[in-house]
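Structural overview
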Amino acid sequence: MKKDELVSCRAVGVFDSGVGGISVLKHIRQLLPAEDLLYCADSRFAPYGNKSPEVIRERATYLANFLIAQGAKALVVACNTATAAAIEHLRGKYSLPIIGMEPAVKPAVKATKTGVVGVLATSGTLKSAQFAALLESYGQEVKIVTEACIGLVECIERGELDTPETRGLLKRYIDPLLAAGADTVVLGCTHYPFVVPLIAELAGSQITLIDTGAAVARQLRKRLEEAGLLNTGQAEGKNLFWLNRENSHELQQSTELVAKLWGGEGQVVPLPVSAKYMQEPTPEN
């Protein structure tokens, strides 16, 4: 096997503050069935939305270093908040393809009929320079109403996809968007697609919900093709999940949640705690 074929057979690394990025991972698996996928859920530090940019960059660096040390040929930052805080930092460190998330404001602006777009996101995403730039670019044409969904990520991390608490939080955040006349709602956090049925029930069938998972998968495929890294083999790719939890009980709960959200086969192991991943690794070629 040639060296470039060996590199293309290496895995794609994906990370998020928790299990939310699995919503993106599912789009990647569907579009790129031959790729081996490595996923890190940093659930011990979730949510990122209430963390400082410095802390988020530190966690993103740790996870990126870990995945590259496992041989990742490309990285997907499957977290809007981490993308806003850390992706430029990561791209400055590494030459491999790094794909990030961005709230789908542009397609939402094109989709709205009422001229009002709602955005559900974490406070970290809404306060970011990246989001401010999106508003500057596309917010002049329509009215954009935002809601920082405090507490929602934590509910999803606990697997509470349709409980009274989750339902109450979503109603609190969706009602102001509907009152403002929004007919299109952007899901600005990768956790939120897992509560789409509940959002749709609360918002009504007239609301268009938009997330960016499929677009990220397409961008990943494009970048892999451009770099000659696309795995064109016929074998089905493997899935490996690392979870970051305080104790064995929490790890077991998260393992069960991953199985529920992923809905497919995949090995789940604890994410190691090691200072060496704070240093820039040298991946094998």
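Rules and cut-offs
- Residues numbered from 1 in each chain as written.
- Predicted model: local features only at pLDDT ≥ 70, side-chain atom pairs only at ≥ 80, totals over all residues.
- Heavy atoms only, no water.
- Pairing = 2+ DSSP bridges.
- Helix = DSSP H or I, 4+ residues; strand = E, 2+ residues; numbered from the N terminus.
- Axes fitted to C-alpha atoms, helices over the stretch in contact; angles between N-to-C directions.
- Salt bridge = Lys/Arg side-chain N within 4 Å of Asp/Glu carboxyl O.
- Buried < 20%, exposed > 50% of the residue type's maximum accessible area, 1.4 Å probe, protein only.
- Core = buried A, V, L, I, M, F, W, Y, C linked by side-chain atoms within 4.5 Å.
- Contact = heavy atoms within 4.5 Å.
- Parallel < 35°, antiparallel > 145°, perpendicular 65-115°, else oblique.
- Left-handed = near helix turned anticlockwise from the far one by under 90°.
- Phe/Tyr/Trp six-rings, centres within 6.5 Å; stacked < 30°, edge-to-face > 60°.
- Lys NZ or Arg CZ within 6 Å of the ring centre and 35° of its normal.

**Quick look at the sheet that holds strand E8 (residues 208–210)**
Taken together, the 4 strands give an open sheet; going across it, the order is E6-E5-E7-E8, and neighbouring strands pair in parallel fashion. One side of each edge strand has no neighbouring strand; the edge strands of this open sheet are strand E6 (143–148) and E8. Adjacent strand axes in the sheet meet at a mean angle of 20 degrees, parallel and antiparallel pairs treated alike. Here 6 bridges tie strand E5 (residues 116–121) to E6, and the two strands are oriented parallel to one another. Residue valine 119 lies in a different strand from E6, and its bridge partner there is threonine 146.

**Section: the pattern of salt bridges**
Under the definition given, this model contains 10 salt bridges. Across the salt bridge formed by arginine 167 and glutamate 201, the nearest N and O atoms sit 2.8 Å from each other. Remark: glutamate 201 occurs in helix H10 (residues 196–203) and arginine 167 occurs in helix H9 (residues 164–179); sequence separation between them is 34 residues. Classification of arginine 167 as partly exposed rests on a relative accessible area of 27%. Salt bridges linked by common partners bring Arg158, Glu160 and Glu165 together as one network.

**Section: the nonpolar core**
Among the nonpolar cores identified, the biggest contains 53 residues, and Val14, Ile22, Ile28, Val76, Leu120, Tyr192 and Leu220 are the most heavily contacted of them. Considering every element that reaches this core, the biggest residue donor is H9, with 5 residues. Filtering out sequence-adjacent residues up to four positions away, tyrosine 192 remains in contact with Leu120, Ala121, Thr122, Cys149, Leu152, Val153, Ile156, Leu187 and Ile199. Residues Leu38, Ala64, Ala72 and Leu96 belong to the second largest nonpolar core, which totals 27 residues.

**Considerations on the packing of helix H2 (residues 22–31) against helix H12 (residues 248–262)**
Each pair of packed helices can be described by the angle between their axes along with the distance between the axes. Where H2 meets H12, the closest approach of the two axes is 10 Å, and the angle between their N-to-C directions is 45 degrees. Here H2 lies oblique to H12, going by the angle between them. In the packing of H2 onto H12, the handedness of the crossing is right-handed. Residue-level inspection shows Ile22, Leu25, Lys26 and Arg29 of H2 in contact with H12, the latter providing Val258, Leu261 and Trp262.

**With respect to the sheet that holds strand E10 (residues 267–270)**
Judged by pairing direction, the sheet is parallel, and its 6 strands sit side by side in the order E4-E3-E1-E2-E9-E10 without closing on themselves. On the outer flanks of this sheet lie strand E4 (98–99) and E10, each paired with one strand and no other. Where strand E3 (residues 74–77) meets E4, 2 bridges bridge the pair, whose relative direction is parallel. Its bridge partner being in E4, valine 76 is matched across the sheet by isoleucine 99.

**Some thoughts on the packing of aromatic side chains**
How two aromatic rings sit relative to each other is set out by the distance from centre to centre and by the angle between their planes. On inspection of all chains with the given rule, the structure shows 3 aromatic pairs. Ring centres of phenylalanine 241 and tryptophan 262 lie 5.6 Å apart, and the angle between their planes is 70 degrees; this geometry places the pair in the edge-to-face category. Separated by 21 residues along the polypeptide, phenylalanine 241 in strand E9 (residues 239–243) and tryptophan 262 in helix H12 bring together distant segments of the chain. Under the relative-accessibility criterion, phenylalanine 241 is labelled buried at 1%. Given the relative accessible area of 9%, tryptophan 262 is considered buried. Aromatic ring contacts, followed pair by pair, group Tyr39, Phe241 and Trp262 into a single cluster. A cation sits over an aromatic face here: arginine 59 above phenylalanine 45, 3.9 Å from the ring centre. Note that arginine 59 overlies the ring of tyrosine 62, its terminal NZ or CZ placed 4.9 Å from the centroid.

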